[in-house]
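Single-letter residue listing:
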Amino acid sequence: MAGVSLNKVTKRYGDVGVVHGIDLEIADGEFVVMVGPSGCGKSTTLRMIAGLESLSDGEISIGRRVVNTLEPKDRNIAMVFQNYALYPHMSVYRNIAFGLYAAKLPKPEIDRKVREAAALLGLTELLERRPNALSGGQRQRVAMGRAIVRDPTVFLFDEPLSNLDAQLRGQMRTEIKRLHQSIGTTIVYVTHDQVEAMTLADRIVIMREGRIEQVGTPLDVFHTPATAFVAGFIGTPTMNLLEVIVTSRNGAPALALGPDQVALTLPPDAAARLGQRSKVLMGLRPDDLVVEPTDAPEASSPRRQGLAATVVIAEPLGVTTQVIVQLAGRELVGMADGRFVPAAGTAVKIACDLDRLHLFDAETRLRLG
Ligand code: ADP
Ligand code: MG
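Predicted, not measured: the structure shown is a model, and the values here were computed from it. (Residues numbered from 1 in each chain as written. Chains lettered and ligands numbered in written order. Predicted model: local features only at pLDDT ≥ 70, side-chain atom pairs only at ≥ 80, totals over all residues. Heavy atoms only, no water.)

Draft legend 1. Spotlight on the packing of aromatic side chains. One pass over the structure, following the stated rule, counts five aromatic pairs. With centroids separated by 5.9 Å and ring planes inclined at 45°, the aromatic side chains of Phe31 and Tyr189 adopt a geometry described as tilted. Taken together, the residues span a long stretch of sequence, with Phe31 in strand β3 (residues 31–35) and Tyr189 in strand β8 (residues 186–191) at a distance of 158 residues. Take Phe31: its relative accessible area is 1%, and that puts it in the buried class. Tyr189 gets classed as buried once you look at its relative accessible area, which sits at 0%. Measuring from ring centre to ring centre gives 6.0 Å for Phe155 and Phe157, while their planes differ by 35°; the resulting arrangement is tilted. (Phe/Tyr/Trp six-rings, centres within 6.5 Å; stacked < 30°, edge-to-face > 60°. Helix = DSSP H or I, 4+ residues; strand = E, 2+ residues; numbered from the N terminus. Buried < 20%, exposed > 50% of the residue type's maximum accessible area, 1.4 Å probe, protein only.)

Set out below in structure tokens:
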């Protein structure tokens, strides 16, 4: 097993920079997920770790050994891609064993490794099948089996679940997490899916345009996003982000949501985060914005303030209802109790949880406080 260290890792294609000097320390045994929108440089970074792309600048170490000039086969890594490319004319057994035959391992050792991996992945009953007689999830497991038998020090995954339907993706996600818990090998996993990132990672690396925006545990990046970009990228439904003017209400600092006196009065600790700014970017997750009937009991705490709004669309999800509301000419997404599905045009109250208020500088888009 080994950790992975990226030091000012840079990739340029001609004059075009696509990875701009990334620094990242991945601990031995850690499960790190790199997430970000399409084209942000995730695959390029992973392929540089694998040795499938050269670096334009910087250094990559695996287990303290600089690997910049090592061939992929000498890096002791195993990679699983979105397209798992199994050999259609070979059985599951031979697909898993393929690399071991190529490495000329003794037959009994190959057999032991294949059967161990198959047991771990629930493939024991399927070893004699051909890939075309397998489901998508089973094929993906075979691809993982092929990686596992090589006993790599690091697993690299590039969007391994993107070809699967939603339900299967959920199942395979759980299996990958279980696999990591049982074998404990370092994993670097690339995805554009923030739910996958949240559920799998020990730490998430959020990338944007070839740079790292934030590195943290799933709960760090969810509760304390370092930038407005991270705030908007992590979490479903997406965080409401509004540019608001700093004003005052009865002598206390407040955030004006619109011209018509709709404002949230801030408790002193939140107000202190504003500094001298005259406008800020305010963020509230839909779950922290509760939509209620207008006759619901008044929120008594100053940390939970009610504002009048009008329903645009209500979407029942069962346990909760997702509600798009309009107030002060803006649309916000909030959540209601699942039994409350108000019709469009209904007047409602939204209760904002100010303990969960996120504030960002309107220009730099960096977190305040
Ligand atoms: P991601 O995996 O995050 O979707 P990639 O790492 O595949 O992104 O790509 C990052 C950027 O590098 C993209 O803008 C892509 O078009 C560009 N890119 C990738 N490979 C090449 C290449 N061989 N030549 C030129 N540009 C490339
Ligand atoms: Mg990619």
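Draft legend 2. Highlighting the sheet that holds strand β5 (residues 65–66). Strand order in this open sheet of four strands is β2-β1-β4-β5, and the pairing throughout is antiparallel. With one partner strand each, in any of the chains shown, β2 (16–26) and β5 form the two edges of the open sheet. Taken together, the two bridges between strand β4 (residues 57–62) and β5 define a ladder with antiparallel strand orientation. By the bridge assignment, Ile62 is partnered in β5 with Arg65. Packed onto the sheet, helix α1 (residues 42–50) meets β1 (4–13), β2 and β4 and runs at close to 120° relative to β1. (Pairing = 2+ DSSP bridges. Contact = heavy atoms within 4.5 Å. Axes fitted to C-alpha atoms, helices over the stretch in contact; angles between N-to-C directions.)

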